[in-house]
Amino acid sequence: MKLEEITQNVYYVPGAVNIGVLEVGANDANGANAVLIDTGLDREAGRRILKLLEKNQLKVKAIVNTHSHADHFGGNSFIVKRSQAKVFAPEIEAGIIQYPYIEPLYLFSAHPVRDLQNRFLMAEASRVDFILKEFDHGLKPLNLDLDLEIIPLYGHSPKQIGVAVDDILFCADSVFSKEVIEKYKIPLFMDIEKQKQTLSFLEKSDYDFYIPCHAKPTSDISELVELNLGVIERVEEFLAAERGTTDEILRRLCKEFGIRLADFTSYSLMLSTLKAYLGHLYDRGVLEVEFGDTLYWKGAK
Ligand SMILES: [Zn+2]
């Protein structure tokens, strides 16, 4: 684990989840204060991040969580206990960070089977001290010498945010790498309309550097935007011509895209993703529904 410097005060730690580190002025202990953007999957990730910061004489004053998936806030509780860092998170996401049971609960739509109560879907709970609003500047209650901006990147999760600082955008899970898409085929987006708006925002944006959590940092985001948009378009095209129950469509979608559902986790995540698309196509009038012995989707006349 190491700090990669981007500008004098902006770093990231490459890993399964790229973690942002912002240096924000000297402290009394001959070091500097730092703000973390996300904290990794679990307490081990938190422990490693803290060790790395200590080695670099950085003292964590705040954590900004981009969204409420376990691999982005699982390190919080360890770091908060050892550092008294204040936690900032966007609304809705903050609820799940404080009550992680909500994630497997919404994925299963009922008390989740034990298989779903795993460390990838249910991290250790963390306190959230302050709610971030879109386009907020700085981390106001903390009085840090830091000019950052909270950028809405909704879609992958309901209220995911990015952090812009020094013309660099930490853009969370708004785009996925080619490798991730090759592995999972259809990445997790929960609100297709918002996700398209996010991709269009990224395409038009002009930051010097973009740091996604699950792709290599890049100065040109357009290739990743195209790639992610391409998947959305292919899924939409396939579903617009479908009819049947949700499970029938899920089976054909998996066959079409070469997806294997190996367990409750992969099944639940793919079902959620499919429902995001079906809901979006229904709201736009592309699909209709029929109720009888169950729910049937079909193309609108
Ligand atoms: Zn995520």
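Coordinates for the structure precede this section.
The present account deals with the structure reproduced in this document. All residue numbers here refer to positions counted from 1 along the written sequence of the relevant chain. Side-chain atom pairs in this predicted model are given and counted only at pLDDT of 80 or more, local residue features only at pLDDT of at least 70, and totals for whole chains, interfaces and linings cover all residues. Only hydrogens and water are set aside; all other atoms, that is, all heavy atoms of the structure, feed into the side-chain values.

Following the sequence through the fold, Gly 74 ends up in the loop between helix H2 (70–73) and helix H3 (76–83). Each residue is assigned to one of three classes by its accessible area relative to the maximum for its type, calculated with a 1.4 Å probe on protein chains only: buried under 20%, partly exposed between the two thresholds, exposed over 50%. Taking relative accessible area as the criterion, Gly 74 reaches 1% and is therefore assigned buried. Distance in space between the C-alpha atoms of Gly 74 and Asp 38 is 8.7 Å, their sequence separation being 36 residues. Contact between two residues is taken to exist if any of their heavy atoms lie within 4.5 Å; hydrogens are not considered. Those residues in contact with Gly 74 that sit more than four places away from it in its chain are Thr 39, Gly 40, Leu 41, Asp 42, Arg 43 and Ala 123. Think of it this way: any DSSP run of H or I at least four residues long counts as a helix, any run of E at least two long counts as a strand, and we number them from the N terminus.

Attention now moves to the sheet that holds strand S5 (residues 58–64). The strands that make up a sheet are held in pairs by hydrogen bonds between backbone atoms, and each pair lies either parallel or antiparallel. In spatial order, the strands read S1-S2-S3-S4-S5-S6-S7; together these seven strands make up an open sheet with mixed pairing. Either end of the sheet is taken by a strand with one partner, and the two such strands are strand S1 (4–5) and strand S7 (130–132). Contacting strand S4 (32–37), S5 and strand S6 (86–90), H3 crosses the sheet at an angle of about 135° to S5. Strand pairing is defined by DSSP finding a minimum of two bridges between the two strands. Note on geometry: axes are C-alpha line fits, over the in-contact stretch for helices, and angles between N-to-C directions span 0 to 180 degrees.

Our next topic: the pairing of S5. On any regular strand, side chains alternate: one points to one face of the sheet, the next to the other face. Burial runs high along S5: five of the seven residues are buried. For S4 and S5, the ladder comprises six bridges, and the chain directions are parallel. Note on S5: the bridge partner recorded for Asn 33 is Lys 59. Crossover handedness is defined here as right-handed if the route from the first strand over the helix to the second strand goes clockwise, with the strands pointing away from the viewer. Traced from S4 through helix H1 (residues 43–55) to S5, the parallel crossover comes out right-handed.

Before going further, it helps to spend a moment on the packing of helix H8 (residues 222–240) against helix H10 (residues 264–283). Look at H8 against H10: their axes get within 10 Å of each other, and the N-to-C directions meet at 65°. When the axes of H8 and H10 are compared, the pair comes out roughly perpendicular. Between H8 and H10 lies a crossing whose hand is right-handed. Only Leu 274, Tyr 277, Leu 278, His 280 and Leu 281 of H10 make contact with H8, whose side of the interface consists of Ile 232, Val 235, Glu 236, Leu 239 and Ala 240. Considered class by class, the residues forming the contact of H8 with H10 number eight nonpolar, one polar and one charged. Geometric relationships in this document are graded by angle, where less than 35 degrees denotes roughly parallel, more than 145 denotes roughly antiparallel, 65 to 115 denotes roughly perpendicular, and other angles denote oblique. Should the near helix be turned anticlockwise from the far one by less than a right angle, the crossing is termed left-handed; should it be turned clockwise, right-handed. Here the nonpolar group is Ala, Val, Leu, Ile, Met, Phe, Trp, Tyr, Cys and Pro; Asp, Glu, Lys and Arg are the charged ones; every other residue, Gly included, is treated as polar.

Attention shifts here to the side chain of Thr 246. Relative to the assigned elements, Thr 246 resides in helix H9 (residues 246–257). For Thr 246, a relative accessible area of 17% puts it in the buried group. A distance of 3.0 Å separates a polar atom in the side chain of Thr 246 from a polar atom in the side chain of Trp 297. Beyond its immediate stretch of four places on either side in the chain, Thr 246 contacts Leu 271, Leu 274, Lys 275, Leu 278, Leu 295 and Trp 297. Whenever two N or O atoms come within 3.5 Å, that pair is a polar contact, provided that in protein one can donate a hydrogen and the other can accept it, and provided that, for residues adjacent in sequence, both atoms are side-chain atoms.

Glancing now at a negative patch on the surface. Judged by side-chain charge, Glu 203, Asp 220, Glu 223, Glu 226, Glu 233 and Glu 237 come together as a negatively charged surface patch. A per-element tally of the negative patch places H8 first, with four residues. For Asp 220, the location among the structural elements is in the loop between strand S11 (209–212) and H8. Within this analysis, patches are made of residues with over 30% relative accessible area and no salt bridge. Like charges are joined at 9 Å or less; nonpolar side chains (Val, Leu, Ile, Met, Phe, Trp, Tyr) at 5 Å or less. Note that accessible areas follow from Shrake-Rupley with a 1.4 Å probe, and for residues the cover is restricted to the protein chains shown. Throughout this description, the term salt bridge denotes a Lys or Arg side-chain nitrogen within 4 Å of a carboxyl oxygen of Asp or Glu. In summary, the charge assignment counts Lys and Arg as positive and Asp and Glu as negative, without counting His or the chain termini. Lys charges are placed at NZ, Arg charges at CZ, Asp charges at CG and Glu charges at CD.

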